[in-house]
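# Notes for the structure review
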Amino acid sequence: MKKTMALILATVLTACMLTGCGSSGAASPPASAPSESANSETRTITDCLGRKVEIPSTVERIVPLGNTPRMIAYLGLADQVVGISGLKADSVTPVQAYAYAYKDMWSKLPVVGTDAYGATDYYPEQIISVHPDVILCTYTAELADEIQDKTGIPVVAVPMGTLFGEDYEQALRLLGDICGVKDRAEEVITYINNCLNDLAARTENIPEADKPTVLAAAATFKGTHGIEGVYSKYAVFTAIAANDVTRGISDNAGGVMVDREKILGWNPQFIFLDSGGVNLVKTDYEKNPDFYAQITAVQNDNIYQYPSSTCYYSNVEIPIVNGYYVAGLLYPEQFQDIDFENKANEIFKFFLGTDDYLSTLKSAGAGYGKVDLGDRG
């Protein structure tokens, strides 16, 4: 009898060892966890901060933080994102184009942090729970190290990316290398440069005397603004060599608040408004019609709107489209062969993979068109 019991016990123990049974269940990883064998090989890369980071040779599961979700979308990697930050699906608008294009996919993912309006936070437990191969960010070395220490997951920092700048190219190339899509990264960089070169070639030789003066107002920075919120060194205007009336008001590119009397002194012939600030301008016009009546752009009905170039960091596809829109109005002869709608949808398709994104923007009140301030008497 004792021999029989010993034999049965030995058989059970052997079965447990072979099948991995036991109270911990450690031998059976959760279905959502990546296969260890798939990522058993590693390599070391140097990120933009000079940090040496050991990452899996094959990256298939990504947690993007900071401005990297937008870049990841441009690189065609949206389906490899396993946790998202700064995304509230019910409040994403078409102006946050990369997030809107993939909101149905990303809204089902765990929220692992927030980057809204410059408030950066991350949730280590949530990040760990989605088993990413790598965490991507546009943060400082201190914060990148902190996240890596708390999660035990490699964190790679890439440049935040200046709109149309070389550091944006650096970011795309580094992400392309990490995620195995180097060809797509080069394709995106080439496409951006081809568009910029086309805009420059059409506008760079126009005599300054033939260029109407132009103002970018209702600028988006730390929220929306009315007519006093203007863009300085606006990349869209720089790309088309526009006669920007704000030239010289600041050494930095970005939004600036100015005295409304300065706008009267500039007296621009064309004004372009971020769509998000249009209603603020309209409300102000109702209260101060005499102010607006003195501006040439208002007198000649040359006030237009376009989507903001900025929404949770800087867009890329929208500013390129804005460049073609503004240039087509300022320099119609040089752009007479460009069908704006076709060109715009081509650009949106390349970056976002969606058809007729112009209609999506228009339906949200963020489309392109002339702004009617109301009765001017």
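Residues numbered from 1 in each chain as written. Predicted model: local features only at pLDDT ≥ 70, side-chain atom pairs only at ≥ 80, totals over all residues. Heavy atoms only, no water.

## Brief notes about the environment of Glu-186
Rules: Starting at the N terminus, helices and strands are each numbered in turn, a helix being any DSSP run of H or I of at least four residues and a strand any DSSP run of E of at least two. Polar contacts, as used here, are pairs of N or O atoms within 3.5 Å; protein pairs need one atom able to donate a hydrogen and one able to accept it. Residues neighboring in sequence count only if both atoms are side-chain atoms.
Tracing the chain through its elements places Glu-186 in helix α8 (residues 182-203). Side chain to side chain, Glu-186 and Arg-173 meet in a polar contact 2.6 Å long.

## Section: the sheet that holds strand β4 (residues 84-85)
Counted only if it meets this: Between any two strands, pairing holds if DSSP finds at least two bridges.
One open sheet holds the three strands; their spatial order is β4-β5-β6, and the pairing between them is mixed. Among the strands making up the open sheet, the edge pair consists of β4 and β6 (121-122).

## Points about the packing of aromatic side chains
Filter applied, for reference: Two aromatic rings, drawn from Phe, Tyr or Trp (for Trp, its six-membered ring), form a pair once their centres lie within 6.5 Å of each other, and the interplanar angle then sorts them: stacked below 30 degrees, edge-to-face above 60, tilted otherwise. Classification of residues uses two cut-offs on accessible area relative to the type maximum, computed with a 1.4 Å probe and protein chains only: under 20% is buried, over 50% is exposed, and between them is partly exposed.
One pass over the full model with this rule turns up 24 aromatic pairs. Centroid distance Tyr-100 to Tyr-357: 6.5 Å. Interplanar angle 70°. Geometry classified as edge-to-face. With Tyr-100 in helix α3 (residues 97-101) and Tyr-357 in helix α16 (residues 357-363), this pair connects stretches of sequence that are 257 residues apart. The partly exposed category is assigned to Tyr-100, whose relative accessible area is 25%. Taken together, a centroid distance of 6.4 Å and an interplanar angle of 55° make the contact between Tyr-234 and Tyr-306 tilted.

## Here we look at the environment of Ala-366
How we decide: By definition, residues are in contact when any of their heavy atoms lie within 4.5 Å.
Note that Ala-366 resides in the loop between α16 and β15 (369-370). For Ala-366, a relative accessible area of 4% corresponds to the buried category. Ala-366 sits 58 residues away from Ser-308 along the chain, and the two C-alpha atoms are 8.4 Å apart. Excluding anything up to four places from it in sequence, Ala-366 contacts Val-95, Ser-275, Gln-305, Tyr-306, Pro-307 and Leu-361.

## Comments concerning the environment of Gln-336
Position of Gln-336 relative to the elements: it lies in the loop between α14 (317-330) and α15 (340-352). There is a polar contact of 3.4 Å between the side chain of Gln-336 and the backbone oxygen of Glu-333.

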